[in-house]
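Residues per chain, in single letters:
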Amino acid sequence: MKSKHIAVIGAGVGGLTCALLLASRGYSVTVYEKRDRVGGRNSQFTLGSYTFDTGPTFLTMNTILREIFSAAGKNLEDFCEIVPLDPLYRLSFPDCALRVPADNTALRSEIGRLYPGNEKGFDRYLSYEKKRFERLYSTVQRDFSSLWAYISPDMITGIRYLSPGKSLYDVLKRYFTSEQLRIAFTFQAKYLGMSAREAPALFTMLSYMEHAFGVDHVRGGLSMLSEGIAEAAGREGAKIYCSTPVKRIITQRKRAIGIELADGQKVHCDAVVVNADFGHAATTLFEPGLLRKYAPRRIAGKKFSCSTFMLYLGLDKQYNEPHHNLIFPGDYWKHVDEVMHQGVASDDMSIYIRNASAIDTSMAPPGHSSLYILVPVPNLLKEPSWDKEKTGFYRRTVLNKIKERTSMQDLENHIVNERIITPADWERDYSIYGGATFNLAHTFDQLLYFRPHNRFDEISGCYLVGGGTHPGSGLPTIFESSRISAGLICRDI
């Protein structure tokens, strides 16, 4: 019998993971990617002899990816090399720096040294958040296309662990008296594009996963995950076409029956998997007027994450700086308010720096380094102007702050190659709606059932994967979205 054909729009990690699972189960799978390489936001690029990840640099809960490879009859280590980190990262405040060891006993000692009296709060954090994770993580793995998903034993027993009405920051206040420690265990929310004072309490799982399961690097950069998944999918028979943009999804009686490529070629299929940015897909890939719930005016009314200002620097020098370093401003909450609400790119900003060459010599020539710098900034819906003058000014501001707060005081003298990505670049070059790098915001009214469903509810035969659908942004949850959608396709077809 001829196998069913599944077309996947976008070769990000979500689309590639779904392609791997479906191809391993006997489906005929074709992936179409508009860019010249796989990965989407989790791709790589080179500047001369320097290699950079475009987006994600943190990997946690690698067991999810191992399970996915195992389900496809593969071994993850055959396709990429996972490197556990210790310390996980360094958190640099204006008056001190917290080194975060992988071992929680060592972290408890470090907390006691810098923030005496907060050790017992850390014990309570580990104990209670373990229970929250165990009760709620199964909800991340379930399809929420129906309200009936809330009527299940684990949802009923876990409902109190949602801590409805409480924010992530509210929860951390119960554990720590130190404001710096509260920030240290909630800053992850900002990298989902939200303020910890607004993010739902269940997102304490973000920091808990790091301390329970560790943080990993991938040799050559996290983009090697995309390359490895693509290779594994190819071995299972999936076909992946890069530099092949999709113009629209072909529908008949509100059912997806194929896709039309930018060159006019039409490809018929039994189901379509959308791995494009959700806001972009909903406003460009369907015939005008076809969608109601996600019509352009309704998309414009959604809540979106912040964006990021990116600096990628190839240096002819190595610095004694950690692999992951987060620099916090003097007034952290002012910065968060400026980015999330006021639409202001802060002068005193948070800066994330990955110095990959500290542990990985494959991404730069000997004695050189490739530096990845990320600064949260407003998306284009809040601050639409990113012209050449503004970009140049902000670059200088960021570099000056790095020179003030790290050992890299002569940084600018050693820049050999450089690339900048602004919110406008994210929208134009990566088709990200409003330049909102972390997709739809993760507010209570845009989570679980209230997030775009994995089985797209306006068009049958159409499925979503990636950060814009359930469970949300971040590599672990994107992998889970692929597992959910692949399972739905198998049940439906």
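The paragraphs below set out a description of the structure included in this document.

Conventions adopted
- Residues numbered from 1 in each chain as written.
- Predicted model: local features only at pLDDT ≥ 70, side-chain atom pairs only at ≥ 80, totals over all residues.
- Heavy atoms only, no water.
- Helix = DSSP H or I, 4+ residues; strand = E, 2+ residues; numbered from the N terminus.
- Rg over C-alpha atoms; globule rule 2.2 N^0.38 Å.
- Buried < 20%, exposed > 50% of the residue type's maximum accessible area, 1.4 Å probe, protein only.
- Contact = heavy atoms within 4.5 Å.
- Lys, Arg positive; Asp, Glu negative; His and termini not counted.
- Charge placed at Lys NZ, Arg CZ, Asp CG, Glu CD.
- Polar contact = N/O pair within 3.5 Å; in protein donor to acceptor, adjacent residues only side chain to side chain.
- Arc of directions from axis to C-beta.
- 1 Å grid on protein atoms, 1.4 Å probe; cavity = no way out; pocket = protein on both sides within 12 Å on 5 of 7 lines; lining within 4 Å.
- Points joined across faces, edges and corners; volume = space filled by probe spheres on them.
- Nonpolar A, V, L, I, M, F, W, Y, C, P; charged D, E, K, R; others polar.
- Axes fitted to C-alpha atoms, helices over the stretch in contact; angles between N-to-C directions.
- Left-handed = near helix turned anticlockwise from the far one by under 90°.
- Patch = residues over 30% accessible without salt bridge, like charges linked within 9 Å, V, L, I, M, F, W, Y side chains within 5 Å.
- Areas by Shrake-Rupley, 256 points an atom, 1.4 Å probe, with all protein chains shown as cover.
- Salt bridge = Lys/Arg side-chain N within 4 Å of Asp/Glu carboxyl O.
- Pairing = 2+ DSSP bridges.
- Core = buried A, V, L, I, M, F, W, Y, C linked by side-chain atoms within 4.5 Å.

**Structural notes on the overall build of the protein chain**
Point 1. A count of helical and extended segments in the protein chain gives 15 helices and 19 strands.
Point 2. Over its C-alpha trace the protein chain gives a radius of gyration of 22 Å, about what one expects of a compact globule, namely 23 Å for 493 residues.
Point 3. Along the first, second and third principal axes, the C-alpha atoms of the protein chain reach 65 × 55 × 45 Å.
Point 4. The buried share of the protein chain, reckoned over its 493 residues, is 61%.
Point 5. The contacts in the protein chain between residues at least 6 apart in sequence include a share of 73% that link residues at least 24 apart.
Point 6. Computed over 59 positive and 53 negative side-chain charges, the inter-centroid distance for the protein chain is 6 Å.

**Section: helix α3 (residues 104-114)**
Point 1. Restricting attention to buried positions, one finds in α3 the residues L107, E110, I111 and G112.
Point 2. For α3, the secondary structure elements touched by its buried residues are β7 (97-100), α4 (119-140), α7 (179-184) and α8 (204-213).
Point 3. Capping of α3 at its N-terminal end is provided by D103; its side-chain oxygen lies 3.2 Å from the backbone amide nitrogen of T105.

**Some thoughts on helix α14 (residues 423-430)**
Given 3.6 residues per helical turn, the α-helix brings residues three or four places apart onto the same face.
Point 1. Where α14 is concerned, the buried positions are P423, D425, W426 and Y430. For α14, the buried positions fall inside an angular range of 160° around the axis, keeping them on one side.
Point 2. At its buried positions, α14 is contacted by β14 (307-315), β17 (369-377) and β18 (415-421).
Point 3. S431 sits one or two residues past α14 and shows a positive phi near 55°.

**Focus: the layout of surface pockets**
Point 1. Considered as a void within the structure, the second largest pocket measures approximately 240 Å³ in volume.
Point 2. If you go around the second largest pocket, you meet 18 residues; those closest to its centre are K303, F304, M340, K382 and A441.
Point 3. Here the element with the most residues in the lining of the second largest pocket is helix α12 (residues 332-342); it accounts for three residues.
Point 4. Residue composition of the lining of the second largest pocket, by class: eight nonpolar, six polar and four charged.

**Thoughts on the packing of α3 against α4**
Point 1. Contact pair α3 / α4: the axes reach a minimum separation of 8 Å and the direction vectors enclose 145°. Note on packing geometry: the crossing formed by α3 with α4 is right-handed. In this structure, α3 contributes N104, L107, R108, I111 and G112 to the contact, and α4 contributes E119, K120, F122, D123 and L126.
Point 2. For the contact of α3 with α4, the class distribution of residues is four nonpolar, two polar and four charged.

**Section: unusual backbone geometry**
Point 1. A cis amide bond links D86 with the next residue in sequence, P87, at an omega value of 5°.
Point 2. By the element assignment, P87 lies in the loop between β5 (82-84) and β6 (89-92).
Point 3. Its identity is not glycine, yet M61 carries a phi of approximately 50°, on the positive side.
Point 4. Residue S431 is not a glycine yet carries a positive backbone phi of 55°.

**Here we look at the side chain of N42**
Point 1. Looking at where N42 falls in the secondary structure, it is placed in the loop between β2 (28-32) and β3 (44-47).
Point 2. Note on N42: relative accessible area 3%, which makes it buried.
Point 3. Engagement of the side chain of N42 in a polar contact is seen with the backbone oxygen of L222, the distance being 3.2 Å.

**Let's talk about a nonpolar patch on the surface**
Point 1. A cluster of nonpolar side chains, namely W148, I151 and I156, defines an oily patch on the protein surface of about 410 Å² accessible area.
Point 2. Within the element layout of this structure, W148 appears in the loop between α4 and α5 (153-158).
Point 3. Judged by relative accessible area, W148 falls into the exposed class, the value being 70%.

**Section: the sheet that holds β6**
Strands belonging to one sheet form pairs held by backbone hydrogen bonds; the direction of such a pair is parallel or antiparallel.
Point 1. Strand order in this open sheet of seven strands is β7-β6-β15-β16-β17-β14-β18, and the pairing throughout is mixed. Among the strands making up the open sheet, the edge pair consists of β7 and β18. The sheet shows a mean angle of 15° between the axes of neighbouring strands, direction not considered.
Point 2. The sheet strands contacting α14 are β14, β17 and β18, and the helix crosses β14 at an angle near 90°.

**Let's talk about the sheet that holds strand β10 (residues 246-252)**
Point 1. The strand order β10-β11-β12 describes an open sheet built from three strands, whose pairing is antiparallel. Single-partner strands in this sheet number two, and they are β10 and β12 (266-268). For this sheet, the mean inter-axis angle between neighbouring strands, taken without regard to orientation, is 30°.
Point 2. Note: β10 against strand β11 (residues 255-261), six bridges, orientation antiparallel.

**Let's talk about the nonpolar core**
Point 1. V29, L91, F185, L225 and F479 are the most contacted members of the largest nonpolar core, which has 114 residues in total.
Point 2. When residues of this core are assigned to their parent elements, the largest contribution, eight residues, is made by helix α1 (residues 13-24).
Point 3. Residues contacting L225, with those up to four places away along its chain left out, are N42, L59, L65, C80, I82, V218 and L475.

**A closer look at the pairing of β11**
Point 1. The buried fraction of β11 amounts to five of the seven residues, a majority that puts the element mostly inside the structure.
Point 2. Across three bridges, the pairing between β11 and β12 is antiparallel. Of the residues in β12, the one forming a bridge with G258 is H268.
Point 3. Hairpin geometry of β11 and β12 is characterised by an intervening segment of four residues between the two adjacent antiparallel strands and by a positive phi of about 95° at G264.

**Overview of empty space enclosed by the protein**
Point 1. One pass over the structure, following the stated rule, counts four cavities of 30 Å³ or more.
Point 2. By volume, the largest cavity is sized at about 280 Å³.
Point 3. Taken together, the elements giving at least two residues each to the lining of the largest cavity come down to α4, α8 and α15 (475-492).
Point 4. Among the elements that make up the lining of the largest cavity, the one with the highest residue count is α4 (four residues).
Point 5. Residues belonging to the lining of the largest cavity are distributed by class as follows: 15 nonpolar, six polar and no charged.
Point 6. Quantified by volume, the second largest cavity comes out at close to 50 Å³.
Point 7. In terms of lining residues, the second largest cavity is bounded by V274, A276, D277, F278, L464, V465, G468 and T469.

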